[in-house]
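The residues making up each chain are set out below.
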Amino acid sequence: MELLAIKKSLILKLMMNQLNISDFMCQFGDCSGNVDLCKELTIAREAEDAELVDLLLYLSAVVNYCYYDVDILNQLVTDPWHQKHEEVVRLLAYYKQPSSVNHLYEAALLNLDYRDYDEDFVLANKCIRALEKIQDQNAIEKMELLANADNKLIRQYAQKHLNRVRHQEEKGHGNGST
């Protein structure tokens, strides 16, 4: 996987200001100024390269990348081999796609070794917040399931956000919650 090592090295050089963005784009991509990070994340996922996923998510923030297909993010949010779940949830919350609902529900219930320290279940809370933002019927049903989860904190988070959704529905605001 020589190519993956080269890509990681280029992103690291960009991070350390050893390469400007235009030179980076020419060396990383095709000099058009476009980098297909969905494709790059798919390659990183297939290789289960956690470091490359981390670097590509960093790069997506630097270039203000617009994900044309959130499917790769949906897959990454439940993959246990990397440590960028919160960042992926943040992106899914931004895009608010109904296709993300089941993945966010699964991610809320993940038991990830690297998050053993997380007694507050922050990842689950962020997943529930993302479900609240999507706010379609499936998202609400998943929040209701989480409101009955075995974990007390997850139940409390889900109930809190369900109450907000219901309050907004009573006021007639419907979709578009923040």
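In this report, the structure presented in the accompanying data block is examined. (Residues numbered from 1 in each chain as written. Predicted model: local features only at pLDDT ≥ 70, side-chain atom pairs only at ≥ 80, totals over all residues. Heavy atoms only, no water.)

It is worth spelling out helix α3 (residues 37–46) at this point. Within α3, burial applies to L37, C38, E40, L41 and A44. Each buried residue of α3 lies within a common arc of 160 degrees when the element is viewed along its axis, so the set occupies one face. Packing partners of the buried residues in α3 comprise α1 (2–15), α2 (21–28), α4 (50–62) and α5 (71–76). The N-cap of α3, judged by a side-chain oxygen 3.2 Å from the amide nitrogen of C38 a few residues on, is D36. One or two steps after α3, the chain reaches E48, where phi turns positive at roughly 50 degrees. (Buried < 20%, exposed > 50% of the residue type's maximum accessible area, 1.4 Å probe, protein only. Helix = DSSP H or I, 4+ residues; strand = E, 2+ residues; numbered from the N terminus. Arc of directions from axis to C-beta. Contact = heavy atoms within 4.5 Å. Polar contact = N/O pair within 3.5 Å; in protein donor to acceptor, adjacent residues only side chain to side chain.)

Here we come to the environment of E86. Note on placement: E86 falls in helix α6 (residues 85–95). Sequence separation between E86 and V101 is 15 residues; the distance between their C-alpha atoms is 15 Å. Look past the residues within four positions of E86 in its chain and what remains in contact with it is R115, V122, L123 and K126. Within the structure, E86 has its side chain in polar contact with the side chain of K126 (distance 2.5 Å).

What follows covers the state of the cysteines. For the coordinates displayed, the defined rule picks out zero disulfides. C66 takes part in no disulfide bond, and the closest cysteine sulfur, belonging to C38, lies 8.7 Å away. Left unpaired, C127 is separated from the closest cysteine sulfur, that of C38, by 19 Å. Given the relative accessible area of 0%, C127 is considered buried. (Disulfide = S-S within 2.5 Å.)

It is worth spelling out a nonpolar patch on the surface at this point. A cluster of nonpolar side chains, namely L12, M15, M16, I21, Y58 and V62, defines an oily patch on the protein surface of about 480 Å² accessible area. Within the residue set of the nonpolar patch, elements represented by two or more residues are α1 and α4. Mapped onto the elements, M16 comes out in the loop between α1 and α2. (Patch = residues over 30% accessible without salt bridge, like charges linked within 9 Å, V, L, I, M, F, W, Y side chains within 5 Å. Areas by Shrake-Rupley, 256 points an atom, 1.4 Å probe, with all protein chains shown as cover. Salt bridge = Lys/Arg side-chain N within 4 Å of Asp/Glu carboxyl O.)

Our next topic: the pattern of salt bridges. Under the counting rule described, the total for this entry stands at 10 salt bridges. Across the pair E87 and R90 runs a salt bridge whose closest N-O atoms are separated by 2.6 Å. With E87 and R90 both in helix α6 and three residues apart, this pair spans about one turn of that helix. Take R90: its relative accessible area is 44%, and that puts it in the partly exposed class. Measuring nitrogen to oxygen at the nearest pair gives 3.2 Å for the salt bridge that ties E144 to R166. Within this pair, whereas E144 is found in helix α9 (residues 137–146), its partner R166 is found in helix α10 (residues 152–171), the two being separated by 22 residues in sequence. Relative accessible area serves as the criterion here: at 32%, R166 is assigned to the partly exposed category. What emerges from the salt-bridge pattern is a single network uniting K8, D49 and E51.

Turning our attention to the packing of α1 against α4. Where α1 meets α4, the closest approach of the two axes is 10 Å, and the angle between their N-to-C directions is 45 degrees. As the angle between them shows, α1 and α4 are arranged oblique. Crossing of α1 over α4 shows left-handed handedness. Where α1 approaches α4, its residues L4, K8, I11, L12, L14 and M15 are matched on the opposing element by E51, L52, L55, L56, Y58, L59 and V62. Taken together, the residues that form the contact of α1 with α4 break down as 11 nonpolar, no polar and two charged. (Axes fitted to C-alpha atoms, helices over the stretch in contact; angles between N-to-C directions. Parallel < 35°, antiparallel > 145°, perpendicular 65-115°, else oblique. Left-handed = near helix turned anticlockwise from the far one by under 90°. Nonpolar A, V, L, I, M, F, W, Y, C, P; charged D, E, K, R; others polar.)

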